[in-house]
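Chain and residue survey
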Amino acid sequence: MIDFSYLRPPADVYQIKHDSYYIKHGEGKSHVRKIFFHQEFDEYEKQKIKELTESIQQHKLTLPPDWCQELTLKYCYSGGFEISKCIQRLQKHLEWINDENYQVLSPEAEQYLKQGYIYQFGRDPQYRPVVYIQLHLISKNKVHVPTLLNAATAIGNMVTKFMYARGYVENWIVILDSGGSGLFDFPFSTLNMINEFFSINFTSSLHKMFILNPSFFFNSSWKLIEKIIHPETAAKINFLKATDFYKLQELIPAEEIEIKYGGQHPNLTNFWPPINTKAQINQPNDEFLQIQRPPTLTKRTQSFKESEYFSIDNNSKEFYNNSKMKEYRIHEQFQVIDQQHSKCCSCKIM
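Note that the coordinates shown come from a computational prediction; the quantities given were computed from them, not determined experimentally.

All right, on to the overall build of the protein then. Within the protein, the secondary structure is distributed over 14 helices and 7 strands. Across the 350 residues of the protein, 50% fall into the buried class. Restricting to contacts in the protein with at least 6 residues of sequence separation, those with at least 24 account for 77%.

Structure below.
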């Protein structure tokens, strides 16, 4: 059993000050909230907490001993404030909590972690952890999905228990490396299952998602993905080709990004257990400390709206439109080739 307390953020995590827009914006069902703990809820949220609590009692659901109203509110958001959907998602979450096939790390799932199918490395200046999922490896090696979700559970539980700080760090950054593969090269049912798994069991956690090395014909796949994810989630997704990896540094320090992704840290060869990139004096990490790092700030603040704080604008629509145009141009080129080929063939026949 690994003690992950070495991954806890440094003490200055409690100096983070989030802008009110980052914490919550919108009204009613269009609410968007990223910070749940140590916050004052508005009247709409309080009413929904009450409604969901009553529904939980009616359905005789047994909640974990450490359950709190903040978690109840998370599932209000998870179900879009529609109580019936909230209950359905909460029921699935409770089943996951009590399922040893997820909660107890199997030797096979541990091997997936050591091979880096899914791993945690680095944090942004606000100590949000970064989680990588290597889709191309998962697809190439035809992994066993339940075992993969067992590994994902280990990562998610580790992050939420040891790397978050309630009221300060409650979100993560997810980076999917497609390796240039189209998502049609990746079983769609598996992708849907992974998305459903994270959205139910680690709900309201996503800060930003990057899809790296998207394939040329990714646009067709993207339209399918848009149908299975929440619009708010879709707005957090960005696509980066290899030539644009440097943009990751607008959100994550270069020394906490691997060289293969445009950063300064040597590419990892050992993925599990994860490296602590924010080691304190009493929590040394030789592998990371040997790399020269710029001095860190003693105070970290969030004083901008999310759209201002993160200068890489969401580019999913732009990516889709550009890809669509490229596909159209290729289609035109093939039409010209076919026409030329037809003329050539007709000449031979005549």
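This is not the end of the story, as more comes after the structure.
A few words now on the environment of Leu-71. Residue position: Leu-71 is located in helix 3 (residues 69-78). Using a relative accessible area of 17% as the deciding quantity, one classes Leu-71 as buried. In contact with Leu-71, other than residues within four places in its own chain, are Phe-37 and Asp-66.

Take the sheet that holds strand 4 (residues 129-134) next. Read from one edge to the other, the open sheet built from 5 strands follows the order 3-4-5-6-7, with strand pairing classed as mixed. Of all strands in the sheet, those with a lone pairing partner are strand 3 (118-123) and strand 7 (237-240), marking the two edges. Between one strand axis and the next, the sheet turns by 25° as a mean value, whatever way the strands run. Sheet topology places strand 6 (residues 206-212) next to strand 7; 4 bridges connect them, and they run parallel. Opposite Met-209, over in strand 7, you have Ile-237 as the bridge partner. Each of strand 3, strand 4 and strand 5 (172-177) is contacted by helix 8 (residues 145-163), which is oriented at about 25° to strand 3, the strand it contacts most.

Cut-offs and rules
- The written sequence of each chain sets the order in which its residues are numbered from 1.
- Local features are withheld for residues below a pLDDT of 70 in this predicted model, meaning they are given only at 70 or higher, and side-chain atom pairs are given and counted only at 80 or more; totals for whole chains, interfaces and linings count all residues.
- The side-chain numbers reported here are obtained from all heavy atoms of the structure, hydrogens and water having been left aside.
- Note on conventions: DSSP H or I runs of at least 4 residues are helices, E runs of at least 2 residues are strands, and numbering of each starts at the N terminus.
- Only protein chains enter the accessibility calculation, which uses a 1.4 Å probe; a residue whose area is less than 20% of its type maximum is buried, one above 50% is exposed, and one in between is partly exposed.
- Any two residues having at least one pair of non-hydrogen atoms within 4.5 Å are treated as being in contact.
- Note on pairing: two strands pair once DSSP finds at least 2 bridges between them.
- To obtain an axis, a line is fitted to C-alpha atoms, over the contacting stretch when the element is a helix, and the angle between two such axes runs from 0 to 180 degrees between their N-to-C directions.

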